[in-house]
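# Observations on the model geometry
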Amino acid sequence: MNTSPAIKTNIELTKRRTSVIRRFAIRRVAGTATIFGLLAAIESIAQSIGIILAYPDPAARAKVIYGLASNPALGLFYGNMHTDIISPGGYMAYRIMPIMILVLSIWAMLFITKMLRGQEENGNWELLLSGRSSARNSTTDIIMGSGVGLVIIFTLTALALIIGGHSSRFAMPIGGSLIYSLLLATGALIGVAVGALTSQLASTRRKAVIYGLTIIIFMFAIRSIGNAVAGLNWIKNLSLFGWLDKVNPYNNAPVYGWLWLTLAVTILVIGLVIWLSGRRDMGSSLIADQDTSKPKLSLLNSQLGFSFKQLRNIFIGWLIASLSFVAVIVSIDKTVAKTITGSGGLTKTFSNLTGNPYARIEVAYLSAAGYFIVITLIFMIAASLGHIRNEESSGRIDNFIAGGISRLKWLTSRLGVIMIATGSIYLLASLIDYFLAKAQGIDVGFNDLIFGGINILGPVAFILGLGLLIYGILPRHLNTIIYAVVGWSFTIDIIAAALKLNSYFADSSIFKHMALVPAATPDWHTFEVLIGLALLMSVTGIWLFNRRDLVLE
Amino acid sequence: MVTIEIQKLTKKYGSFKALDNLSLSINQGEIFGYLGPNGSGKTTTIRLMLGMIKPTAGTIKINGYDAQTQKQLAHRHIAYVPGESNLWPFLTGEETLHLLAKVHGQCDTKYRQQLIKQFDLLPGKKVRTYSKGNKQKIALIAALASRADVLIMDEPTAGLDPLMEQVFRQAIREAHLNGQTVFLSSHILDEVEALCDRVALLRSGRIERTGSLEELRGLSALKIEAGFKTTPPDISKIEGVSHINVSGNHLSCEVRGSMEELLAVLSKAKPISLLSREPSLEELFVSMYETLEPELA
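As a starting point, this report considers the structure included with it. (Residues numbered from 1 in each chain as written. Chains lettered and ligands numbered in written order. Predicted model: local features only at pLDDT ≥ 70, side-chain atom pairs only at ≥ 80, totals over all residues. Heavy atoms only, no water.)

### So, the environment of B:Arg209
All names here are of chain B. Here is the rule: Per the convention used, a helix needs a DSSP run of H or I reaching at least four residues, while a strand needs a run of E reaching at least two, with both numbered from the N terminus. Three exposure classes are used, based on accessible area relative to the maximum for each residue type with a 1.4 Å probe and protein chains only: buried under 20%, partly exposed in between, and exposed over 50%. Note on contacts: a residue pair is in contact if any heavy atoms of the two residues lie within 4.5 Å.
Of note, Arg209 is situated in strand E10 (residues 206-212). With a relative accessible area of 29%, Arg209 lands in the partly exposed category. Along the sequence, Arg209 and Gly41 sit 168 residues apart, while their C-alpha atoms lie 15 Å from each other. Excluding its chain neighbours within four sequence positions, the residues that come into contact with Arg209 are Val199, Ala200, Leu201, Leu216, Leu219 and Met288.

### So, helix H9 (residues 205-228) of chain A
All names here are of chain A. Basically, it comes down to this: Every helix has an expected span of 1.5 Å times one less than the residues it contains.
Under the 1.5 Å per step criterion, the end-to-end length of H9 is 34 Å for 24 residues, consistent within 8% with the ideal 34 Å. Among the residues of H9, those classed as buried are Ala208, Val209, Gly212, Ile216, Met219, Phe220, Ile222, Arg223, Ser224, Gly226, Asn227 and Ala228. Where H9 is buried, its residues contact helix H5 (97-121), helix H8 (174-201) and helix H10 (240-245).

### Describing the environment of B:Glu30
All names here are of chain B. Quick reminder of the rule: Two N or O atoms form a polar contact when they lie within 3.5 Å of each other; inside protein one atom must be a possible hydrogen donor and the other a possible acceptor, and for residues adjacent in sequence the pair counts only when both atoms belong to side chains.
With respect to the element layout, Glu30 can be found in the loop between strand E2 (16-27) and strand E3 (31-35). Among the residues examined, Glu30 registers a relative accessible area of 8% and is labelled buried. Remark: the alpha-carbon pair of Glu30 and His176, spanning 146 residues in sequence, is separated by 7.0 Å. With residues near it in sequence (within four places) discarded, Glu30 still touches Gln180, Thr181, Val182, Asp197 and Arg198. A distance of 2.7 Å separates a polar side-chain atom of Glu30 from the backbone nitrogen of Asn27.

### Details of the sheet that holds strand E11 (residues 222-227) of chain B
Residues and elements named next belong to chain B. Our working rule: In this analysis, strands are considered paired if DSSP registers two or more bridges between them. Here the axes come from fitting lines to C-alpha atoms, over the contacting stretch only for helices, and the angles between their N-to-C directions go from 0 to 180 degrees.
Spatially, the four strands line up as an open sheet ordered E12-E13-E11-E14, and their pairing is antiparallel. Each having just a single partner strand, strand E12 (241-247) and strand E14 (273-277) make up the two edges of the open sheet. Between one strand and the next, the sheet's axes are offset by a mean angle of 15°, whatever the strand orientation. Sheet topology places E11 next to strand E13 (residues 250-255); six bridges connect them, and they run antiparallel. Paired with Glu225 across the bridge in E13 is Ser252.

### Remarks on the sheet that holds strand E4 (residues 57-62) of chain B
The pairing of strands in a sheet comes from backbone hydrogen bonds and takes either a parallel or an antiparallel form. All names here are of chain B. One open sheet holds the four strands; their spatial order is E2-E1-E4-E5, and the pairing between them is antiparallel. Either end of the sheet is taken by a strand with one partner, and the two such strands are E2 and strand E5 (65-66). Here strand E1 (residues 2-13) runs beside E2; their pairing, made up of eight bridges, is antiparallel. Each residue of the ladder has a partner; that of Lys12, found in E2, is Lys17.

### Regarding empty space enclosed by the protein
Selection criterion: Using a grid of 1 Å spacing that covers the protein atoms alone, one calls a set of points a cavity when a 1.4 Å probe fits there but cannot get out, and a pocket when the set is open and has protein on both sides within 12 Å along at least five of seven lines; lining residues are those with an atom within 4 Å of a point. Grid points are joined across faces, edges and corners, and a volume is the space filled by probe spheres set on the points. Under the convention adopted here, Pro, Cys and the residues Ala, Val, Leu, Ile, Met, Phe, Trp and Tyr are nonpolar, Asp, Glu, Lys and Arg are charged, and Gly plus all remaining residues are polar.
Under the criterion given, the structure shown has six cavities of 30 Å³ or more. Looking at the largest cavity, its volume works out to about 200 Å³. Lining the largest cavity are 20 residues, with B:Tyr80, B:Leu100, B:His104, B:Ala142 and B:Ala143 sitting closest to its centre. Taken together, the elements giving at least two residues each to the lining of the largest cavity come down to helix H16 (397-402) of chain A together with strand E6 (78-81), helix H3 (93-104) and helix H5 (132-145) of chain B. In terms of residue class, the lining of the largest cavity is built from 14 nonpolar, five polar and one charged. Of the pockets and cavities examined, the second largest cavity occupies roughly 80 Å³. Forming the boundary of the second largest cavity are A:Ser367, A:Gly370, A:Ile373, A:Tyr426, A:Ser430, A:Asp433, A:Leu449, A:Gly453, A:Ile456, A:Leu516 and A:Val517. Elements with a minimum of two residues in the lining of the second largest cavity: helix H15 (361-393) and helix H17 (407-439) of chain A. Taken together, the residues that form the lining of the second largest cavity break down as six nonpolar, four polar and one charged.

This is the structure:
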């Protein structure tokens with residue numbers, strides 16, 4: 001029997017369901033899309049303007065850029081060699097576009113897996129589907145809502161480039177800037193398509209992310225090999241990232257066809273995802289999952305063991321990232337040094353980075369590896385602290401507290417594991433740094449690099465201490481504040497590398513307070529201050545955590 | 001011997017009082033029911049007992065240990081079952097039970113195996129694949145197998161089917177026979193009625209009634225139904241009689257206090273049937289909150 005007309009008159013009709021789900025996705029995507037859009041805009045504008053400021057003379061600029069572009073090893077990360085590479089826009093597209101496309105695609109993949117498989121995993125999907133919606137409609141709405149994030153990225157980047165590049169000194173064509181921004185947004189769209197697809201394939205968000213990362217890194221690797229290895233350039237045709245590389249937005253004759261083809265394939269994949277989402281049962285996945293396993297009890301007998309079991313995936317991920325970065329950077333040290341020797345601007349850039357204008361260029365470049373180690377360690381610590389907070393907000397900590405484990409023991413076990421992992425990753429990365437340098441015949445002392453390098457752990461300890469302090473006071477805001485501090489430092493460092501900044505402004509970056517060895521002499525005083533602050537904040541944070549209420553989500 | 005002693009417990013969140021000057025005393029071996037509508041402060045009381053949140057005022061002692069300042073000592077005697085089990089999705093049921101046993105520090109493994117069978121749990125499956133009821137079974141098995149002195153349970157049977165509910169009741173009765181104390185917060189009044197020695201009724205952070213079911217029933221009205229050959233007698237003037245309903249030759253009413261005068265009037269009218277019934281806990285609960293909290297009625 002239908003609802004009586006009398007009752008129906010009392011029902012307040014909500015907005016159309018499509019509008020509601022789409023708005024939900026838009027609300028979720030807007031914040032992070034703005035952050036990543038700003039990052040893309042700042043990084044792009046800093047690179048394009050920075051090269052002109054560093055090399056006002058076109059001949060000197062051409063020498064440096066052609067020197068870089070002729071180095072196949074750099075093609076692993078940098079873009080395509082093209083005719084207009086020495087213009088600010090052309091250099092920006094060569095120097096930063098591939099990495100920015102990679103970063104945006106990973107962000108978009110993480111976001112969409114959270115919205116699709118994540119929602120399905122935690123049961124929210126049931127609520128959506130119990131309303132006036134189908135799986136296909138909801139999937140479509142979430143993807144379309146997420147599309148607003150791509151529009152934000154496009155708009156912020158295009159505005160920054162059009163405003164920043166309009167003067168006659170930079171002369172960046174508006175058409176090129178629009179296409180460049182569209183290429184970055186397309187990178188994010190690839191992430192959306194990949195994440196949406198893996199959300200149909202995998203039964204958990206964690207697996208969807210692993211599959212997604214594998215696909216994205218595989219496509220990027222194909223593109224990089226095609227760029228770096230002579231004779232294998234054709235392999236780029238097998239990767240969407242390779243297609244985007246070929247567009248060359250600031251060239252006199254950009255190859256738009258590759259962009260339209262990428263968009264067409266990506267939209268086709270999204271269409272396939274929407275079709276698949278309506279064909280499977282809710283909660284199921286296209287790749288069959290193993291629901292049972294033999295018990296593995298060895299790490300479940302102590303808090304320390306269990307903490308390691310919980311956090312090891314984070315550590316392994318950042319260990320691989322850290323070692324890969326260092327291995328790639330250091331393995332091309334000699335080649336890069338040869339390329340940029342005699343180029344005043346780049347030598348100056350490395351001098352600024354290491355703080356030592358007299359360091360030999362290969363030693364300065366080698367020291368830059370320390371910067372990447374610090375970045376990966378800081379991100380690992382931010383992720384680990386986020387995991388600790390998640391244990392509390394989800395209520396899983398209750399199982400330990402009610403069972404007689406003190407809060408102090410619970411937290412210090414996890415901190416102990418984080419510190420051991422931090423030390424191990426630092427040591428392994430530094431050893432790779434040292435042995436690869438030695439293999440290339442670079443004269444560098446073991447003590448200088450390994451023991452002197454310990455000073456770069458000062459900022460890492462500071463972030464850990466700050467995180468614990470925030471965890472003790474404002475647990476709900478831990479992730480936001482920590483990522484804001486790291487993001488701020490990173491952005492300031494990017495800007496500082498290209499523009500002259502007020503020293504107070506530049507010093508607000510945590511990365512400024514370390515000496516990159518062996519080029520620079522370790523600043524043990526700064527290290528001691530940072531460690532002291534970290535200890536103070538850690539002890540205060542742990543004390544406050546011990547006294548405050550446990551806060552659920 | 002008093003196992004749980006709560007004195008003048010108050011918990012404020014800003015200006016909102018979640019608990020207001022609450023005092024309770026629960027004896028060893030007792031099964032104590034803790035009842036109240038949503039938001040009345042049941043879970044807050046339990047989180048305070050477990051030291052997860054700090055009281056604004058007052059103390060809680062468990063087996064003589066202060067639940068805030070001597071948490072570890074107090075928790076050696078406690079096992080806890082939350083209303084919604086928050087477990088680690090990547091572990092299997094067996095791994096989770098092993099971990100929880102290690103956390104607690106004691107486990108009757110033979111009894112745990114027995115409980116796994118009785119609750120019909122498949123321990124080899126990953127937690128993320130379990131239904132809500134199966135996750136709840138893990139928390140119940142872990143708590144019961146610990147043989148802790150005090151079992152603190154917050155809506156422990158949420159998600160369990162009626163068959164498993166019976167297994168749960170049997171396990172609680174066994175715990176009672178073993179001298180374990182059970183603090184049971186529940187909305188399933190049948191369950192509380194079947195298991196609990198005493199109950200406390202909570203409203204807006206205050207305990208309104210505490211006592212055995214008999215004592216609470218004594219405070220409540222007795223239901224009377226009688227049939228007559230002719231029109232029933234007028235009982236409206238009798239003290240303590242209320243809710244009078246006459247339908248033909250049938251009469252029903254409620255009576256508080258002495259029944260002597262009512263019985264005299266009814267027997268004089270020669271009833272052909274007479275039924276007196278104590279209120280169920282559900283009726284008691286509803287009538288009490290109707291009386292105490294007019295806005296709920």
